[in-house]
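Secondary and tertiary structure notes
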Amino acid sequence: MQHPTWQEGVYTALKTAGITQIGYVPDAGHKHLIEAAHADPDMKAVVLTTEEEGIALAAGAWLGGARCALLMQSSGVGNCINMLSLPVNCRMPFLTLVTMRGEWGEFNPWQVPMGSATPHVLTAAGVHVRRAERPDEVAEMVAASATLAFDTQIPVAVLFSQRLIGAKVWVK
Amino acid sequence: MTRSNDGTLDRRVVVAELLREPGDLLVVTGLGSATYDAGAAGDRPLNFYLWGAMGGAAMIGLGIALAQPDKHVLVLTGDGEQLMGMGALATLAASGAKNISVAVLDNGRFGETGAQFSHTGLGADLAAVAAACGWQTVVTARDMDAVRLLRTRLREENMFAVLRIAADEKPRHLPPRDGAYLADRFRRALGVATD
């Protein structure tokens, strides 16, 4: 029997939390979740042109009685800042899973500034930030963060460290 | 100065007609004048007014539409708000959701900030943008006969409509602006509040 990967555990945690909508801007680190969402007939997977759309999508899902998660890369966090006033101001839950770039074995210098700023700008915008470093803690952290977000109606981000997801391989 | 996109429709009359006898239509309004117009047409719990989050109206509408497939969503917004979220026109079309329409009150101006020309006042055509993004039904209305026909179609079809309104400023009509209150009453009216 094949052992479930931590990514499968994360998808199961999202399903258990009652997530039925996933907005995403593609990222290699989220590949499994995106494919699983598209393969799941009970999940609405919405590809976005920019990450801030996902915050508005999640707000609409909540208004309509559903739960949504946003998948993005750390570079996308910078695109979200003003839209984060929406869940904060409307006392809405918001859950985002952020794959980190620019920190562990990064090759591309353009990823470093936003990667370094990500936890700070999220915190400054009113988002509670968690960070997963080890495969064995990720699914539990996502499950606990979903509970925190949806039961207390606050925005929560879970950062997936670049060491966890693996640095991008540039020469194959 | 007259430009090709100048409209003559009275925005308050247009919105009052579009929202007449709304039933269970789920309405999201973009910040600024669209919010004031919808409030002036009659406040109701199933109106979700934005007072900020510029560019987010259509995407909020999509989230609602995906969550409530048996109901219809109408996003009512201005040209400036839609221009900031222009990518959402592609996202909505790509999503495949059919129970949502977007109506843009287009005066070619940023009305809230001193009526500076917006991109639609300088030649951009949001209806053409929507069509290019994959919207199958795109309409531009320039008179009230067209608006009256749109009232029903916007509630039944997956439509993108541009309403060419005049640029004059209306008295401000301020509906509730407490976001937590607006969200909570919307959810209660829909019957999806959990407590």
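Scroll up a little and you will see the structure.
Quick look at the structure, then. These numbers come from a predicted model, not from an experiment.

Basis of the calculations
- Within each chain, residues carry numbers counting from 1 in the order of the written sequence.
- Just so you know, chain letters begin at A and ligand numbers begin at 1, following the order they were written in.
- Per-residue local features of the predicted model are confined to residues with pLDDT of at least 70, and side-chain atom pairs are confined, for both listing and counting, to 80 or more; whole-chain, interface and lining totals are unaffected and use all residues.
- Numbering goes from the N terminus for both helices and strands, where a helix is a DSSP run of H or I of at least four residues and a strand is a run of E of at least two.
- Radius of gyration here is computed from C-alpha atoms only, and the compact-globule reference equals 2.2 Å multiplied by the residue count raised to the power 0.38.
- Burial is judged by counting the other C-beta atoms within 10 Å of a residue's own C-beta: 20 or more makes it buried, 12 or fewer makes it exposed, and any count in between marks it as partly exposed, with every C-beta position built from the backbone.
- With C-beta atoms placed from the backbone, a contact is any residue pair whose C-beta atoms sit within 7 Å.
- The residue classification treats Ala, Val, Leu, Ile, Met, Phe, Trp, Tyr, Cys and Pro as nonpolar and Asp, Glu, Lys and Arg as charged. All others, Gly included, are polar.
- The nonpolar core is taken to be a set of buried Ala, Val, Leu, Ile, Met, Phe, Trp, Tyr and Cys residues joined by way of C-beta atoms within 7 Å.
- By the convention used here, strands pair only if DSSP detects at least 2 bridges between them.
- With the strands aimed away from the viewer, a crossover counts as right-handed if its path from the first strand over the helix to the second runs clockwise.
- To obtain an axis, a line is fitted to C-alpha atoms, over the contacting stretch when the element is a helix, and the angle between two such axes runs from 0 to 180 degrees between their N-to-C directions.

1. Quick look at the overall build of chain B
- Secondary structure assignment for chain B yields eight helices and eight strands.
- In summary, chain B has a C-alpha radius of gyration of 15 Å against a globular reference of 16 Å for 195 residues, a match within 12%.
- With respect to the three principal axes, the spread of C-alpha positions in chain B is 55 × 35 × 30 Å.
- Residue burial in chain B is summarised as follows: out of 195 residues, 51% are buried.
- Considering only residue pairs separated by 6 or more positions, chain B has 70% of its internal contacts joining residues 24 or more positions apart.

2. A word on the overall build of chain A
- Along its length, chain A carries eight helices and six strands.
- Listing every helix and strand of chain A by position from the N terminus yields α-β-α-β-α-β-α-α-β-α-β-α-β-α.
- Rg of the C-alpha trace for chain A: 15 Å, near the compact-globule value of 16 Å for 172 residues, within the 12% margin.
- With 172 residues in all, chain A has 48% of them scored as buried.
- In chain A, 76% of the contacts between residues at least 6 apart in sequence involve partners at least 24 apart.

3. Looking at the interface of chain B and chain A
- Counting residues at the interface gives 27 residues for chain B, matched by 26 residues for chain A.
- Those elements that place two or more of their residues in the side of chain B that touches chain A are α3 (57-67), α5 (87-95) and α8 (179-190) of chain B.
- Per-class residue counts for the side of chain B that touches chain A are 17 nonpolar, nine polar and one charged.

4. With respect to the nonpolar core
- The biggest cluster of nonpolar side chains holds 114 residues, and the ones touching the most others in it are A:Ile55, A:Ala59, A:Val142, A:Val158 and B:Leu163.
- The element that contributes the greatest number of residues to this core is α3(B), accounting for nine residues.

5. Topic: the pairing of strand β4 (residues 100-106) of chain B
Residues and elements named next belong to chain B.
- Of all seven residues making up β4, seven are buried, and the element is well covered by its neighbours.
- Burial of β4 is two-sided: the residues Ile100, Val102, Val104 and Asp106 facing one way and the residues Ser101, Ala103 and Leu105 facing the other way are all buried.
- In the sheet, strand β3 (residues 73-78) pairs with β4 via six bridges, with the strands oriented parallel. Paired with Gly78 across the strands is Leu105, a residue of β4.

6. Quick notes on unusual backbone geometry
- Positive phi values are uncommon outside glycine, yet A:Arg91 reaches one of about 50°.
- Counting through the fold element by element, A:Arg91 comes out in the loop between α5 (85-89) and β4 (94-99).
- A positive phi angle is found at B:Glu21, which is not glycine, with a value near 45°.
- For B:Glu21, the position within the fold is in the loop between α1 (11-18) and β1 (26-29).

7. Quick look at the pairing of strand β7 (residues 137-141) of chain B
Residue and element names in this part refer to chain B.
- Inspection of the sheet shows β7 paired to strand β8 (residues 159-164) by five bridges, in the parallel sense. Paired with Thr140 across the bridge in β8 is Val162.
- After leaving β7, the chain enters helix α7 (residues 144-156) and then returns to the sheet as β8, a path that is right-handed.

8. Brief notes about the environment of B:Val138
All names here are of chain B.
- Among the secondary structure elements, Val138 is positioned in strand β7.
- Separated by 35 residues in sequence, Val138 and Ala103 have C-alpha atoms that sit 9.9 Å apart.
- Dropping the residues within four chain positions of it, Val138 is found in contact with Ala127, Ala130, Ala131 and Phe160.

9. A few points about the sheet that holds strand β2 (residues 47-49) of chain B
Residues and elements named next belong to chain B.
- What the six strands build is an open sheet, ordered β2-β1-β3-β4-β8-β7; its pairing is parallel. Each edge of the open sheet is held by one strand with a lone partner, namely β2 and β7. Direction aside, neighbouring strands of the sheet carry axes that sit 15° apart on average.
- With four bridges connecting them, β1 and β3 associate as parallel partners. By the bridge assignment for β3, Val28 is matched with Val75.

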